[in-house]
Amino acid sequence: MASKGNINLSRNKLILSALSIQLSLDSNQFSSDVVENDIKSMYNILKSSKNERPTENNDQMTKWIAFAESFPTESSACFEVLKGLNEDLVLKSVLLGNGLKPSEADVIVFSVIHSSVIELSKSDKEKLPHLMRWIDYIQSKVDLGNVFKKILHEKTPFEPHLHLQGTKAADKVEVESGAKKVAESPKVADKPEAEVKTKKSEDPKAKKSDNAVNVFQKIIL
């Protein structure tokens with residue numbers, strides 16, 4: 001069984017390679033003892049080589065470096081930590097910042113958890129949907145193919161919500177029913193002309209007028 005020191009050394013080598021890609025650096029320019037530092041010190045060495053500021057004033061970056069340094073080496077404890085990371089990623093595309101561009105924090109955390117995630121069973125991966133989405137995204141945005149074996153992610157096919165389908169079906173029935181009622185409703189314009197004339201002749205006012213004419217004719221005669 002590998003000691004914790006050896007595991008951390010192997011992790012740091014992977015982090016060095018991955019960060020060098022992210023920062024457009026040549027990892028061979030650094031001495032071999034760089035990986036013997038903790039992750040924060042190693043990261044600051046790489047940043048300093050580009051004349052960039054270290055992490056002291058970046059609370060979020062410090063947070064994720066601390067996460068990487070404390071990530072358990074025992075496989076039995078890894079899954080619980082991954083579940084917590086999965087919850088952190090519910091509303092995030094990347095770990096650091098509000099955009100879509102992977103940061104150094106994403107690369108560091110990815111490097112640390114890669115060996116644990118790739119060994120997960122399919123059922124365990126399905127319990128970490130947000131983490132797997134993030135991993136798939138980082139793999140597609142950062143060219144780490146020469147450092148890490150790709151973690152396969154089986155995406156869930158999109159299925160329309162059933163309640164939406166039911167609503168559409170109900171709307172269709174209602175429209176068809178309305179159209180049927182309109183088609184069956186009687187139209188005054190379609191009534192026969194004779195029927196209209198008959199109704200006019202039955203008008204009480206018309207009858208009263210006819211009676212008055214008859215009386216007048218009798219008086220004259």
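Quick note: structure is the one above.
Everything quoted here is computed from the prediction, not taken from an experiment.

Basis of the calculations
- Residues numbered from 1 in each chain as written.
- Predicted model: local features only at pLDDT ≥ 70, side-chain atom pairs only at ≥ 80, totals over all residues.
- Heavy atoms only, no water.
- Helix = DSSP H or I, 4+ residues; strand = E, 2+ residues; numbered from the N terminus.
- Buried < 20%, exposed > 50% of the residue type's maximum accessible area, 1.4 Å probe, protein only.
- Expected span 1.5 Å × (residues − 1).
- Bend = angle between axes of the 7 residues up to and from the residue.
- Polar contact = N/O pair within 3.5 Å; in protein donor to acceptor, adjacent residues only side chain to side chain.
- Axes fitted to C-alpha atoms, helices over the stretch in contact; angles between N-to-C directions.
- Parallel < 35°, antiparallel > 145°, perpendicular 65-115°, else oblique.
- Contact = heavy atoms within 4.5 Å.
- Phe/Tyr/Trp six-rings, centres within 6.5 Å; stacked < 30°, edge-to-face > 60°.
- Core = buried A, V, L, I, M, F, W, Y, C linked by side-chain atoms within 4.5 Å.
- Left-handed = near helix turned anticlockwise from the far one by under 90°.

Engineer: Break down the overall build of the chain for me, with residues and values.
Structural biologist: A tally of regular secondary structure across the chain gives 10 helices and 0 strands. Along the chain, helices and strands appear, N-terminal first, in the series α-α-α-α-α-α-α-α-α-α. When each of the 221 residues of the chain is scored for burial, the buried share is 29%.

Engineer: Kindly report on helix α5 (residues 104-117), identifying the contributing residues and their values.
Structural biologist: The end-to-end C-alpha distance of α5, which contains 14 residues, comes to 19 Å, matching closely the 20 Å that a straight helix rising 1.5 Å per residue would cover. Within α5, the axis deviates most sharply at Ser-111, by approximately 35°. Within α5, 13 of the 14 residues are buried, leaving the element largely enclosed by the surrounding structure. The N-cap residue of α5 is Ser-103: its side-chain oxygen and the backbone nitrogen of Ala-105 are 3.3 Å apart.

Engineer: Talk me through unusual backbone geometry; I want residue IDs and the actual numbers.
Structural biologist: Here the phi dihedral of Ser-24 falls at roughly 60°; this positive angle occurs in a residue that is not glycine. With respect to the element layout, Ser-24 can be found in the loop between α1 (4-22) and α2 (39-49). Located in the positive-phi region is Asn-51, a residue other than glycine, with phi close to 60°. Checked against the element boundaries, Asn-51 lands in the loop between α2 and α3 (59-70).

Engineer: Quick one: what's the story with the side chain of Glu-104, residue by residue and with numbers?
Structural biologist: Mapped onto the elements, Glu-104 comes out in helix α5. Residue class for Glu-104 comes out buried when judged on its relative accessible area of 16%. A polar contact is formed between the side chain of Glu-104 and the side chain of Tyr-43, at a distance of 3.3 Å.

Engineer: A description of the packing of α3 against α5 should follow, citing residues and the corresponding values.
Structural biologist: At a minimum axis distance of 9 Å, the contact between α3 and α5 shows a crossing angle of 10°. Relative to α5, the element α3 is oriented roughly parallel. The residues of α5 that touch α3, namely those facing Met-61, Trp-64, Ile-65, Phe-67 and Ala-68, are Glu-104, Ala-105, Ile-108, Val-109, Val-112 and Ile-113.

Engineer: Quick rundown of the packing of aromatic side chains? Include the residues and the values.
Structural biologist: The relation between two aromatic rings is expressed through the spacing of the ring centres and the mutual angle of the planes. As enumerated under the stated definition, the model contains 4 aromatic pairs in all. Where Trp-64 meets Phe-67, the ring centres are 5.6 Å apart and the plane angle is 70°; that geometry is what we call edge-to-face. Pair noted here: Trp-64 and Phe-67 are both in helix α3, with a separation of 3 residues, about one helical turn. The class of Phe-67 is buried, set by a relative accessible area of 16%. An aromatic cluster is defined as three or more aromatic residues linked by ring pairs; in this entry it consists of Trp-64, Phe-67 and Phe-71.

Engineer: Just give me the short version of the environment of Leu-100, but keep the residues and values in it.
Structural biologist: Turning to its location among the elements, Leu-100 is positioned in the loop between α4 (75-88) and α5. On the accessibility criterion, Leu-100 (55% relative accessible area) is exposed. The contacts of Leu-100, once residues within four sequence positions are left out, are Ser-93, Val-94 and Tyr-137.

Engineer: Please set out the nonpolar core residue by residue, giving values where relevant.
Structural biologist: The biggest cluster of nonpolar side chains holds 47 residues, and the ones touching the most others in it are Leu-85, Ile-108, Ile-113, Val-117, Leu-131, Trp-134 and Ile-135. When residues of this core are traced back to their parent elements, those giving at least two are α1, α2, α3, α4, α5 and α7 (129-141). Among the elements that make up this core, the one with the highest residue count is α5 (8 residues). Apart from the residues lying within four places of it in its own chain, the contact partners of Leu-131 are Leu-82, Leu-85, Asn-86, Leu-89, Ile-113 and Val-117.

Engineer: Mind laying out the environment of Ser-103, listing which residues take part and the relevant values?
Structural biologist: With respect to the helices and strands, Ser-103 occurs in the loop between α4 and α5. Judged by its relative accessible area of 11%, Ser-103 is buried. There is a polar contact of 3.3 Å between the side chain of Ser-103 and the backbone nitrogen of Ala-105.

Engineer: Tell me about the packing of α4 against α5, and please be specific about residues and values.
Structural biologist: Relative orientation of the contacting elements α4 and α5 amounts to 130°, with a least axis distance of 11 Å. When the axis of α4 is compared with that of α5, the two are oblique. Helix-helix and strand crossings are classified by hand; for α4 and α5 the assignment is left-handed. Of the residues in α5, those in contact with Cys-78, Leu-82 and Leu-85 of α4 are Val-109, Ile-113, Ser-116 and Val-117.

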